[in-house]
Every structure is written in C-alpha cells, then in structure tokens.
Protein chains: 2
Amino acid sequence: MPERLGPARATPLFDKIALIGLGLVGSSIAHVARRQNLAKEIVGFDSDADVRTRARELRLCAIAESATDAVRGADLIVLCVPVGAMGDAAREIGPHLKPGAIVSDVGSVKSGVLSAVMPHIPDTAHFIPAHPVAGTEYSGPEAGFATLFLQRWCILTPTEGADENAVAKLTAFWEAAGSHVEIMNAAHHDLVLAITSHVPHLIAYNIVGTAADLEQVTQSEVIKFSAGGFRDFTRIAASDPTMWRDVFLNNKEAVLEVLGRFNEDLAALQRMIRWGDGQGLFDLFSRTRAIRRGIIAEGQETAAPDFGRHIGEENGAPTRS
Amino acid sequence: MPERLGPARATPLFDKIALIGLGLVGSSIAHVARRQNLAKEIVGFDSDADVRTRARELRLCAIAESATDAVRGADLIVLCVPVGAMGDAAREIGPHLKPGAIVSDVGSVKSGVLSAVMPHIPDTAHFIPAHPVAGTEYSGPEAGFATLFLQRWCILTPTEGADENAVAKLTAFWEAAGSHVEIMNAAHHDLVLAITSHVPHLIAYNIVGTAADLEQVTQSEVIKFSAGGFRDFTRIAASDPTMWRDVFLNNKEAVLEVLGRFNEDLAALQRMIRWGDGQGLFDLFSRTRAIRRGIIAEGQETAAPDFGRHIGEENGAPTRS
C-alpha cells in the first residue's frame with residue numbers, strides 16, 4: 001500500500017448497471033464503475049428517498065425513482081441492501097429483468113441470500129451471488145469511494161450449473177474494480193466469514209457494550225484510556241446496525257459454531273490466568289504473531305505501527321516494509 | 001491528529017535520567033527526553049546484551065553495562081521492564097539510589113508493581129508508579145519514537161503520603177513528553193485498564209488462536225479474507241508475549257472480574273442469535289457507536305475510515321473531521 005487502480009477499460013463491460021441500495025458498498029461500486037468505465041450507463045436506486053436525494057447531490061450516478069425503473073434494460077444488477085432485505089428486493093425486480101441479465105449481490109452471508117433471492121429470479125436471468133470482503137465503519141452514500149475494493153478479495157458463490165459466461169463476466173467486473181476473485185460454495189463462504197468477519201464483529205460489539213455497562217469505571221475513563229487497546233474494537237463496533245443484525249440472523253449456524261470454539265478457547269485462557277499458568281499464556285501469545293505477518297505479507301494490512309495512525313506526526317513512528 | 005510536541009525545555013528537568021529496559025517504551029522515552037531537553041544526561045541499560053548493542057548503534061542514549069552503573073547519581077529512574085521483572089530490577093538498584101532520587105515505572109499493572117518494588121526502595125528515595133497508556137504492536141529498541149506519548153494519558157498512582165514534589169516533577173516530565181496526566185489509586189487503575197486494555201488484548205489473542213485452530217478453514221483463507229474485520233484484532237495480538245503474560249499474571253483479580261462480565265454479555269448475545277432476537281441485536285449494535293464518537297472527540301483516535309489505512313491511495317476514502 002498504497003496501491004492504485006489499473007487503467008480504465010477502453011470499452012465498457014456492460015451496457016447498463018443497476019445498483020439497488022446506495023450505502024457504503026453501492027456508492028463505492030458507482031464510483032469505481034464510473035472511474036474504470038465498466039458500463040455505458042449506471043443507474044442507482046435506494047428505497048430511502050433521503051438517500052436518493054443525497055446520492056443525486058453527490059452525482060454518484062443516475063438515480064431512478066423505483067427499483068423496477070432502475071433494472072429495466074440493465075444487463076448487470078447488483079443488490080447492495082442488507083442481507084435481510086435481499087428477498088424483497090429480488091421479488092420486486094424479478095418480473096422486470098431483461099433476458100440474459102446477470103443479478104448479483106454484495107451480502108456478507110451467502111446461503112441465506114441464495115435461498116431468499118433464487119425463487120424470484122426468472123429462468124431467463126442468472127443469479128451469481130458475490131461478496132466483496134471490504135468495508136469501513138461508515139455508512140451511507142457519502143461514505144463510498146473508488147478504491148474500497150482495491151486489493152481486497154471478492155468471493156463468488158455460484159450454484160452448481162450456473163452460467164459460465166455470467167460467472168466470467170462478473171469476475172471481470174470485480175477484477176476491473178481492483179479485486180482478486182475467489183470462487184467457493186455458499187456454505188463454506190459462510191463458515192469462513194463467520195471466523196474472519198462475523199464473530200470478530202460480535203466480540204467487538206460485545207466488549208464495547210460491557211465497557212459501557214461497568215458501574216465502577218466511568219464512560220469518560222473508558223474513552224480517555226482507550227489507547228491501551230480498547231479503541232481498536234470500537235471501529236468495527238461502529239458499523240451499520242441493520243446490516244449486522246441481518247448478518248447474525250442469517251448466518252446463525254456458522255456463527256454459533258465458531259462462537260462455541262471461541263468460548264471454549266477463552267475458558268481455557270481464563271483458567272490459565274486463574275491458576276497462574278504463565279507458560280500457557282506465553283505460548284498462545286507467541287503463536288498469534290505469525291498470522292499478522294501473513295496478513296501483512298499478503299497485502300491485506302499495513303505494516304505501519306498502530307495501523308499507521310501516527311503517520312503524519314512529526315517524529316512519528318518508523319514505517320515498516 | 002497530527003499533533004506536534006511543544007518546544008523543547010530551555011532548562012532540563014533532571015540532571016540524570018536512567019532508563020532500565022530499552023524496549024518500545026524505554027527507547028521512546030529516550031527519544032522524547034532528548035528531543036524535549038528533559039535531562040542533562042540520559043543513561044540506559046537493558047539486561048539483554050544484544051539490545052544494549054542495538055541501542056548503542058541507534059545512538060538512543062548513553063548505555064551502561066549494569067543497572068547499578070546506570071542509576072548511580074540519577075535523579076529520575078524509570079523501570080521499563082515487563083511487570084514480572086520489576087521486583088528484581090528494584091532489588092538490584094535499591095542500594096545504589098542517590099538520596100532524593102525519584103523511581104518510577106511504566107507497567108500496565110500498578111498494585112502488583114507497587115508491592116513488588118516498594119520493599120526495595122530506601123526511605124531516602126521516592127517511588128511514584130506511573131503508566132503511560134500508549135504503545136504499538138512492535139517491540140525492541142528500534143520500535144521507539146518521540147511522539148509515542150503525544151496526546152496520550154499517563155496515569156500516576158502515588159501511595160498515600162507520597163512526596164508531593166516528586167509527584168509534581170514526574171507530572172511535569174510526562175507533560176513535557178506530550179501526555180496528559182491523571183492521578184488515581186492503584187486498585188482503580190488496575191480495574192480501568194482491565195476493561196480498556198487487558199481484556200481487549202486477551203480477546204484479541206484468543207480469537208486469533210481460535211482462527212488458527214479451525215480445521216475447516218485454512219490459515220490461507222483466514223489471511224485472505226481478514227479485511228472483513230479479523231485483521232483489526234491481529235494488531236494487538238502481535239504485541240510482546242512476555243509483557244502480556246506478566247500483565248495477566250499480575251492483574252488476575254480485575255481481569256477475571258471484567259472477563260466474567262464480558263462472558264455474561266456474550267452469552268446473552270449468543271442467545272439472541274439462537275432465538276432470532278433481531279431487536280435485541282439492533283439495540284446493542286446501535287448504542288456502541290456513541291463510545292467511538294467520544295473517543296474520536298477526545299483526540300484518542302482518528303476519524304478517518306478504516307483507521308486511515310486507505311489514506312495515500314489514489315481516490316482513497318474521504319477523511320472525516
């Protein structure tokens with residue numbers, strides 16, 4: 001890092017892209033699709049009239065007044081709504097899809113979205129579920145930016161027998177947005193994301209809640225002394241509540257499975273502390289460093305100390321490479 | 001942010017400062033003490049000969065070959081060793097302290113350090129425990145930098161009847177290093193830090209361990225898809241294992257108390273997921289945003305999306321103020 005987007009395409013990949021939902025991810029797709037010349041026409045819709053107004057002011061893309069207007073004639077439709085709203089969105093647009101249209105989504109859960117969306121997609125169209133593993137703690141159309149997906153992974157979970165051309169075209173789309181693409185089945189996706197995303201968010205929300213409720217420590221103290229580690233958790237605990245409620249309601253099984261393992265491991269650590277098992281603590285604390293080194297080596301994280309938060313300060317932290 | 005250190009002092013605060021331990025914090029004190037003209041003479045010692053060699057090469061400060069040499073004639077001695085090594089360090093230097101010398105430390109636990117160090121400090125010297133709440137995930141003398149303590153809080157926990165002049169002088173020292181100073185008793189410090197630092201570290205170490213041990217998800221998958229949230233936890237889980245082992249062994253009671261509450265709260269969340277209580281999840285996920293806003297408003301965190309990791313990228317994330 002920093003990396004850059006490649007050159008824009010000479011010819012657009014699609015004639016018309018429709019984005020249903022203009023929050024962080026939908027608006028970021030609008031930015032990068034325009035920047036990279038991924039479509040001749042980009043039309044967006046959001047069920048919230050206020051979001052449509054703000055998106056117009058931001059000149060994100062053309063804004064339709066209904067989902068059906070947005071998808072009419074589109075050859076790629078991306079559902080960028082919370083996981084719990086995917087089924088309704090699909091029901092609404094299903095009858096208006098152009099033959100041969102590719103429908104995709106950006107949901108963090110794939111099995112639930114597949115079963116909610118699939119019944120509403122006509123045989124003449126293709127549903128290829130996708131999940132760009134990228135985000136920030138901010139929400140809404142103002143939060144989007146063109147490099148959100150840069151160097152991040154986008155996971156496609158096509159069903160068996162899915163149209164190969166549609167998969168190839170969606171792959172080309174995400175690669176042009178700067179992403180690496182991986183294909184896996186929906187159930188495996190949901191388990192992988194339970195450990196790499198869902199349970200981490202749950203734990204972050206939980207510790208921030210625990211801190212807020214402690215009677216012996218004031219909120220002011222929690223805030224002042226948060227640089228001891230706590231503040232790192234508050235970032236993902238500031239993520240969109242609706243999106244995350246839906247993730248947990250729709251990936252119950254995998255989340256509870258991973259959470260069960262987390263709890264077992266934490267109970268073992270708790271016991272080591274109670275009984276003074278310094279060697280056990282040291283052993284765990286030593287082996288967790290390797291994973292961070294791997295994440296940095298794979299370009300998924302900065303090597304700068306403290307996430308680079310000190311960068312820009314006079315005599316700031318040394319940068320690492 | 002970014003903030004800057006104030007102008008250097010016209011006259012030094014101390015004649016001689018001795019730093020026992022030259023890791024991240026000890027070396028950062030050496031940097032800022034030199035930069036801010038806090039002492040006429042700065043002498044460092046580390047029990048690891050290799051660290052002494054590297055510190056010499058870095059020209060951090062004068063390097064002594066023994067702790068007793070380092071503290072001879074010093075009017076401020078700061079113990080910058082892991083919490084579990086404080087007692088031994090104090091025993092070694094106790095007989096060699098100059099009358100009137102101020103001894104302090106930087107440990108993340110204060111009750112344990114007080115009882116380990118106090119017996120070795122002669123009546124002619126003053127022990128004023130301190131904890132600068134600042135750090136990065138890197139260790140060793142190369143990791144230090146002058147602005148580590150800038151805008152961070154330093155907590156002093158003097159015992160009842162501690163010398164007021166010594167407290168005032170140590171306060172002036174940390175303020176000159178760019179910190180805000182707060183005074184509280186050791187037991188309260190240990191509880192506050194259990195929630196703002198110790199339990200967050202424990203949870204981070206734990207989830208990284210859980211991820212490493214999952215059989216159904218490969219380490220390569222954990223690394224690739226870590227941008228979904230997991231990577232945030234790997235930063236503090238890359239912190240120094242010895243330091244953190246000692247923290248948990250020496251703040252057992254407060255850590256187990258806070259961990260008990262964390263576990264109760266997590267069990268409630270787990271139950272909400274199992275029974276599909278969307279409203280309960282939404283309510284918690286909504287109220288956790290306020291604490292992050294407070295942390296940003298108090299200057300303890302950047303408002304830039306994603307910790308500012310996107311800054312510097314072309315068309316990067318919008319910055320927030």
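Asks: I'd love a proper account of the sheet that holds strand β7 (residues 130–132) of chain B, names of residues and values included.
Replies: Residues and elements named next belong to chain B. Read across the sheet, 3 strands follow the order β7-β8-β9 without closing on themselves; strand pairing throughout is mixed. Strand pairing shows two members of the sheet lacking a second neighbour, β7 and β9 (180–183), which therefore form its edges. Within this sheet the neighbouring strands show an average axis-to-axis angle of 20 degrees, counted without direction. Of the strand pairs in this sheet, β7 and strand β8 (residues 153–156) are connected by 3 bridges, and their pairing is antiparallel. Bridge pairing links H131 to I155 in β8. Most of the contacts of helix α6 (residues 164–176) go to β8, to which it runs at about 165 degrees, and overall it touches β7, β8 and β9.

Asks: So what about the nonpolar core? Which residues, and what values?
Replies: Taken as a class, soluble globular proteins show a tendency for nonpolar side chains to be buried jointly. Of all hydrophobic cores here, the largest spans 226 residues; its most connected members are A:I17, A:I20, A:I77, B:I20 and B:I77. Residues contacting B:I20, with those up to four places away along its chain left out, are B:F45, B:A67, B:A70, B:I77, B:L79, B:C80, B:V81, B:A89 and B:I93.

Asks: I'd like a description of the relation of the copies chain B and chain A, backed by residues and values.
Replies: With an RMSD of 0.0 Å, the fit of chain B onto chain A corresponds to turning through 180 degrees and sliding 0.0 Å along the axis. Both copies of the chain, as the preceding transformation shows, are related through a two-fold rotation axis. A shared interface surface links the copies, since 100% of the contact residues of chain B are contact residues in chain A too.

Asks: Describe in detail the packing of helix α7 (residues 186–213) of chain A against helix α11 (residues 252–275) of chain B, supporting the description with residues and values.
Replies: Look at α7(A) against α11(B): their axes get within 9 Å of each other, and the N-to-C directions meet at 125 degrees. Considering the angle they form, α7(A) stands oblique to α11(B). Regarding α7(A) and α11(B), the two cross each other, and that crossing is right-handed. Contacts between α7(A) and α11(B) pair A:L202, A:N206, A:I207, A:G209 and A:T210 from the former with B:R261, B:F262, B:D265, B:L266 and B:L269 from the latter. Within the contact of α7(A) with α11(B), the residues separate by chemical class into 5 nonpolar, 3 polar and 2 charged.

Asks: Which residues make up the interface of chain B and chain A, and what are the values?
Replies: Often the size quoted for an interface is simply the accessible area lost on bringing the parts together. Listed by partner, the interface residues are 107 residues for chain B and 107 residues for chain A. If you tally residues by element for the side of chain B that touches chain A, the top one is helix α7 (residues 186–213) of chain B, at 19 residues. A breakdown of the residues in the side of chain B that touches chain A according to their chemical character gives 55 nonpolar, 28 polar and 24 charged.

Asks: Can you tell me about the domain arrangement of chain A, naming the residues and giving the values?
Replies: Residue and element names in this part refer to chain A. Each assigned domain of chain A is listed here: domain 1 (14–184) and domain 2 (188–287). Computed from C-alpha coordinates alone, the two centres of domain 1 and domain 2 are separated by 31 Å. Across the boundary between the two partners, domain 1 contributes 14 residues, which contact 17 residues of domain 2. Taken together, the residues that form the side of domain 1 that touches domain 2 break down as 5 nonpolar, 7 polar and 2 charged.

Asks: Requested: an account of the environment of A:S108, with residues and values cited.
Replies: Residue and element names in this part refer to chain A. Within the fold, S108 resides in the loop between β5 (102–105) and α5 (111–117). With 27 C-beta atoms counted inside 10 Å, the residue S108 sits in the buried group. Spatially, the C-alpha atom of S108 lies 9.9 Å from that of F248, the residues being 140 residues apart in sequence. S108 has contacts with V83, H131, L193, S197 and V247, leaving out every residue within four places of it along the chain.

Rules behind the numbers
- Residues numbered from 1 in each chain as written.
- Chains lettered and ligands numbered in written order.
- Predicted model: local features only at pLDDT ≥ 70, side-chain atom pairs only at ≥ 80, totals over all residues.
- Pairing = 2+ DSSP bridges.
- Helix = DSSP H or I, 4+ residues; strand = E, 2+ residues; numbered from the N terminus.
- Axes fitted to C-alpha atoms, helices over the stretch in contact; angles between N-to-C directions.
- Contact = placed C-beta atoms within 7 Å.
- Core = buried A, V, L, I, M, F, W, Y, C linked by C-beta atoms within 7 Å.
- Buried ≥ 20, exposed ≤ 12 C-beta atoms within 10 Å, placed from the backbone.
- Least-squares fit on C-alpha atoms with pLDDT ≥ 70 in both.
- Parallel < 35°, antiparallel > 145°, perpendicular 65-115°, else oblique.
- Left-handed = near helix turned anticlockwise from the far one by under 90°.
- Nonpolar A, V, L, I, M, F, W, Y, C, P; charged D, E, K, R; others polar.
- Domains from an automatic or database assignment.

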